[in-house]
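# Examining the three-dimensional arrangement
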Amino acid sequence: EPAFEFAIFSRSQTWDGSVALPPIYKYLDVQGAKLTLGNGTFKHAKPSDFNDIEDLTIQSIFPEETQLALKKISDGFHDVILQHLNDQPTCSSPMREKVALIQHVYRTNPKAAQLVKDELSKEGGEPIYNLEHMRERAKQFINEVNEFMQGYRILCVTTHKDSERMWSVYAECHKGIALRIEPNATKDSKFQLFRPVNYRKERPPFYDDTLDFIADSLFGDKDAQRKAIVEKIVYSKILSWQHEGEYRFAIPIRNGEPPWNTLKYHPEEITELYLGCAMQQVDKEDIVSKAKALNPEIAIFQAVRGADTTLTFHRERHENNHAT
């Protein structure tokens, strides 16, 4: 039976270029604040550490159930070949040679494709695919991709510095902090790679159109496929997380590289420190001291809860840091 190859990603892929960023902030609990400011590093999370257990995963390859997808593949396979009649197959052997032979036949006999389609569509004809085999193959592939994503480290930030929910969840019920990050473009900062998350009703399938799966498998640019697919996984979340207004970027652990979960940043990139309204005084003194040692020009703000329960931020007076 014909078998489509399943792409295996290489962790040599990174993203080039940058986008204009809005103000972005990182929430931290007390311990995270002291480590981040004291060590000059941010923790980059492993996908399995995320609160949303489906984040950084795929749940399906096709937008349809596997049986319907396979029927669409069977019906559309020869149409895809005809659309790429003169394109060089990029799939692996022996599939590459089989596709090249089919292309040759269709080029020399334009009526052959329709004859084959008519034969396959006859009632009682043998199916192109074994359904149970393909279901198991699809499940195996999804597991492989999700396991592969565990080799990425993700840094997540937000555009909201005054989110009640985020102060509660990520800043230890207002005992922690929020930091503003401003990428230093002159030093080619990795923070320029932050990009917004796309919020969707449900996790996206691997392919939005099943026929794209055929075209990509047989004729696609493998590097472009890897980039597009990993981007879809990294920058997609379900709507229930939309309140977070998240930006993120992902860095792969390269082949042979020891696992890590922290990376250095340029001290001047941490430009503002917001102290939670429930922070203990001893923690405040320690965190402010670490922040000033890191970046003497950092602006420091104290969160204050107003009579209407909303949060406001008052600029703190510190040495070499006057109120504005």
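Residues numbered from 1 in each chain as written. Predicted model: local features only at pLDDT ≥ 70, side-chain atom pairs only at ≥ 80, totals over all residues. Heavy atoms only, no water.

### Some thoughts on the environment of His104
The following threshold applies: Going along the chain from the N terminus, every DSSP run of H or I of four or more residues is numbered as a helix, and every run of E of two or more is numbered as a strand. Exposure classes here rest on a 1.4 Å probe applied to the protein chains alone. A residue is buried below 20% of its type maximum, exposed above 50%, and partly exposed in between.
Within the secondary structure layout, His104 lies in helix α3 (residues 95-108). The exposure class of His104 is partly exposed, given its relative accessible area of 43%. Spatially, the C-alpha atoms of His104 and Leu85 are 8.2 Å apart, while their sequence positions differ by 19 residues.

### Quick look at the pattern of salt bridges
A side chain with one charge can pair with a side chain of the opposite charge if their charged atoms come near. Defined as follows: For this analysis, a salt bridge means a side-chain nitrogen from Lys or Arg found within 4 Å of a carboxyl oxygen belonging to Asp or Glu.
One pass over the structure, following the stated rule, counts 18 salt bridges. Between Lys34 and Asp286 there is a salt bridge, with its nearest N and O atoms 3.6 Å apart. Residue Lys34 is found in helix α1 (residues 30-39), and its partner Asp286 is found in helix α9 (residues 281-294); the two are separated by 252 residues along the sequence. A salt bridge links Lys72 to Glu64, with the shortest nitrogen-to-oxygen separation between them at 3.5 Å. We classify Lys72 as partly exposed; its relative accessible area is 32%. When salt bridges that share partners are traced, they join Lys34, Asp283, Asp286 and Lys290 into one network.

### A few points about the nonpolar core
Definition in use: Take the buried Ala, Val, Leu, Ile, Met, Phe, Trp, Tyr and Cys residues and link them wherever side-chain atoms come within 4.5 Å; each set so joined is a nonpolar core.
With 70 residues, the main nonpolar core has Leu37, Ile177, Leu218, Ile270 and Leu273 as its most contacted residues. Residues Tyr25, Trp167, Phe301 and Leu311 belong to the second largest nonpolar core, which totals 12 residues.

### Some details on the pairing of strand β4 (residues 177-181)
Using the following cut-off: In this description, strands pair whenever DSSP reports at least two bridges between them.
Counting buried residues in β4 gives five out of five residues, a clear majority hidden from the surface. Along β4, one buried face is formed by Ile177, Leu179 and Ile181 and the opposite face, lined by Ala178 and Arg180, is buried too. Bridge count between strand β1 (residues 24-28) and β4: five bridges; the pairing is antiparallel. Considered in β4, the bridge of Tyr25 is made with Arg180. As paired elements, β4 and strand β10 (residues 270-275) share five bridges and run antiparallel to each other. Across the sheet, Ile177 pairs through a bridge with Leu275, a residue of β10.

### With respect to the side chain of Thr271
Where we set the bar: Contacts are assigned to residue pairs that have any heavy atoms within 4.5 Å of one another.
Residue position: Thr271 is located in strand β10. Beyond its immediate sequence surroundings of up to four residues, Thr271 is in contact with Arg180, Glu182, Asn295, Ile298 and Ala299.

### Focus: the packing of aromatic side chains
Here is the rule we go by: Only rings of Phe, Tyr and Trp enter the pairing, Trp through its six-membered ring, and a pair is recorded when the two centres are within 6.5 Å. The plane angle decides the type: under 30 degrees is stacked, over 60 is edge-to-face, the rest tilted.
Tallied over the entire structure, the rule returns 14 aromatic pairs. When the ring of Phe42 is compared with that of Phe191, the centres are 6.0 Å apart and the planes differ by 75°; the resulting orientation is edge-to-face. Here Phe42, found in strand β2 (residues 41-43), pairs with Phe191, found in the loop between β4 and β5 (195-196); they are 149 residues apart in sequence, far enough to count as distant. Relative accessible area serves as the criterion here: at 1%, Phe42 is assigned to the buried category.

### What to know about the pairing of strand β12 (residues 311-315)
As paired strands, strand β11 (residues 299-305) and β12 are joined by five bridges and run antiparallel to one another. Looking at β12, one finds that Val304 is bridged to Thr312.

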